[in-house]
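Observations on chain architecture
If you want the building blocks of each chain, they are given just below.
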Amino acid sequence: MGKRKANKSEDPIDSPSMDVSEEEEIDSDEGVSDGEENAHLEEEIVDIDFDFFDPKPIDFHSIKNLVIQLFSADAELFCISELTELIISQPLLGTTVKVDGADSDPYAVLTVLNMNEHSEKKCIKDLVTYLLDKTKQDSVLNDKLDTLLKKDSIEHVGLILSERLINMPVQIVPPMYKMLQEEIQWAVDDNEPYNFEWYLVLSKTYQEVMSTLDDESKPSKKQKKKKAKDEIIEQNADYQLNFNFTKQPSVSDSKRTFSNFGIAPAMKLFLINRSKFDNLIRDLENACK
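Computed from a predicted model, the values in this text were never measured in an experiment.

Remarks on the pattern of salt bridges
Enumeration over the complete set of coordinates arrives at 10 salt bridges. Among the salt bridges present, the one from Lys 136 reaches Asp 133, with a minimum N-O distance of 3.5 Å. Given the relative accessible area of 42%, Asp 133 is considered partly exposed.

A word on the packing of aromatic side chains
In the structure shown here, the tally under the stated rule is eight aromatic pairs. Summarising the aromatic geometry, the rings of Tyr 194 and Phe 196 are spaced 6.0 Å apart at their centres and angled 75 degrees between planes, so their arrangement reads as edge-to-face. Each member of the pair, Tyr 194 together with Phe 196, is buried.

Quick word on unusual backbone geometry
Of note in the backbone geometry, Ser 72 takes a positive phi value of approximately 55 degrees without being a glycine. Positionally, Ser 72 belongs in the loop between α2 (60-71) and α3 (80-89). Backbone geometry places Asn 191, a non-glycine residue, at a positive phi of 60 degrees. Inspection of the secondary structure puts Asn 191 in the loop between α6 (173-189) and β7 (198-208). Asn 191 sits in the exposed class, given a relative accessible area of 72%.

Here we look at the packing of α2 against α3
A pair of packed helices can be characterised by two numbers: the angle between their axes and the separation between those axes. In the contact formed by α2 and α3, the axes pass within 9 Å of each other and the chain directions differ by 120 degrees. When the interaxial angle is binned, α2 and α3 end up oblique. Judged by the sense of rotation from one axis to the other, the crossing of α2 with α3 is right-handed. In contact with Phe 60, Ile 63, Lys 64, Val 67, Ile 68 and Phe 71 of α2, α3 contributes Ile 80, Ser 81, Leu 83, Thr 84, Glu 85, Ile 87 and Ile 88. Taken together, the residues that form the contact of α2 with α3 break down as nine nonpolar, two polar and two charged.

Examining the packing of α3 against helix α4 (residues 122-134)
As a packed pair, α3 and α4 sit with axes 8 Å apart at the nearest point and diverge in direction by 115 degrees. When the interaxial angle is binned, α3 and α4 end up roughly perpendicular. Between α3 and α4 lies a crossing whose hand is left-handed. Residues Glu 82, Leu 83 and Leu 86 of α3 lie in contact with α4, whose contacting residues are Lys 122, Cys 123 and Ile 124.

Regarding the nonpolar core
Looking at soluble globular proteins, one finds that nonpolar side chains tend to be buried together. Phe 71, Met 115, Leu 127, Leu 131, Leu 200 and Leu 202 are the most contacted members of the largest nonpolar core, which totals 39 residues. The dominant element in this core, judged by the number of residues it contributes, is α4, at seven residues. Aside from chain neighbours lying at most four places away, what touches Leu 202 is Leu 70, Phe 71, Leu 127, Leu 131, Leu 159, Ile 160, Met 267, Lys 268 and Leu 269.

Focus: the environment of Gly 158
Residue placement: Gly 158 occurs in strand β6 (residues 157-164). Residue classification places Gly 158 among the buried positions, given a relative accessible area of 0%. Placed 40 residues apart in sequence, Gly 158 and Trp 198 show a C-alpha to C-alpha distance of 6.3 Å. Ignoring sequence-local partners within four residues, the contact set of Gly 158 consists of Val 112, Leu 113, Phe 196, Trp 198, Tyr 199 and Leu 200.

Here's the deal with α6
The end-to-end C-alpha separation of α6 is 25 Å, in line with the 24 Å expected for 17 residues at 1.5 Å each. Of all the positions in α6, only Val 173, Pro 174, Met 176, Tyr 177, Met 179, Leu 180, Gln 181, Glu 183, Ile 184, Trp 186 and Ala 187 are classed as buried. A positive phi of about 60 degrees marks Asn 191, the residue just after α6.

Topic: the pairing of β6
Most of β6 sits inside the fold, with eight of its eight residues counted as buried. The alternating pattern of β6 places Val 157, Leu 159, Leu 161 and Glu 163 and Gly 158, Ile 160, Ser 162 and Arg 164 on opposite faces, both of which are buried. Relative to β6, strand β5 (residues 108-114) runs antiparallel, the two sharing seven bridges. Bridged to Thr 111 within β6 is Leu 161.

Quick notes on the state of the cysteines
For the coordinates displayed, the defined rule picks out zero disulfides. Just so you know, Cys 123 is unpaired, no disulfide at all, and the nearest cysteine sulfur is the one on Cys 79, 6.4 Å from it. For Cys 123, a relative accessible area of 2% corresponds to the buried category.

What counts and how
Residues numbered from 1 in each chain as written. Predicted model: local features only at pLDDT ≥ 70, side-chain atom pairs only at ≥ 80, totals over all residues. Heavy atoms only, no water. Salt bridge = Lys/Arg side-chain N within 4 Å of Asp/Glu carboxyl O. Buried < 20%, exposed > 50% of the residue type's maximum accessible area, 1.4 Å probe, protein only. Phe/Tyr/Trp six-rings, centres within 6.5 Å; stacked < 30°, edge-to-face > 60°. Helix = DSSP H or I, 4+ residues; strand = E, 2+ residues; numbered from the N terminus. Axes fitted to C-alpha atoms, helices over the stretch in contact; angles between N-to-C directions. Parallel < 35°, antiparallel > 145°, perpendicular 65-115°, else oblique. Left-handed = near helix turned anticlockwise from the far one by under 90°. Contact = heavy atoms within 4.5 Å. Nonpolar A, V, L, I, M, F, W, Y, C, P; charged D, E, K, R; others polar. Core = buried A, V, L, I, M, F, W, Y, C linked by side-chain atoms within 4.5 Å. Expected span 1.5 Å × (residues − 1). Pairing = 2+ DSSP bridges. Disulfide = S-S within 2.5 Å.

In structure tokens:
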């Protein structure tokens, strides 16, 4: 497959610097109180340039760690090394984000894998089994996936894997999706097997659970009303499902904090028809303007 623009792995795509904050959502600051607004203005702003690169072998361990982060404790149910090798094996599709040059560790990754084309790979077989088990609670979605994820299905499914370190701003996501859209089209033009009828997106979410702290110790809820990335994907999805991880995450200080404050990691599945994919990307881009 021929690249039709400068290879990201050699010449990073020009990108504007971004003000990094801890906010994980997109949109305006509608509904922010004066006190919160003043506190926000007093935050220290760090100006960082983000460069976009193709996935390459030097990124193997960092990408593997990001995939493990995405699947949390359930990562041990799959051959993550094999899944990472698939990502690395198609460098002209997908993007990594770095801040210290081409040979530094990526802080984020987004790519797509053809689940039908790679249906004989153990990592894909295990993932299909996992998803069919998780979607049993929704018979319509379960039947749809069971039909689509067969090797001989005429409607191919693209598995979109996207993850970033927790301190990376969500504003890097829209340009990554835009680049993926362009790369898929170039691949299809070159008769590569990326002519997807459906896109399956897996996203880590956080659900409210019973807190182990008393009410006075709980953090107050923010008054901000923002549109999260997952909400934008949700609006364009034909099917969606929340589900819990099979295995409980190991207890660490950071994970214990989530539990203490009534928040637990989970997963959300979105199934999006190709007819809505372009609109999804436009919505993501507009949310960041």
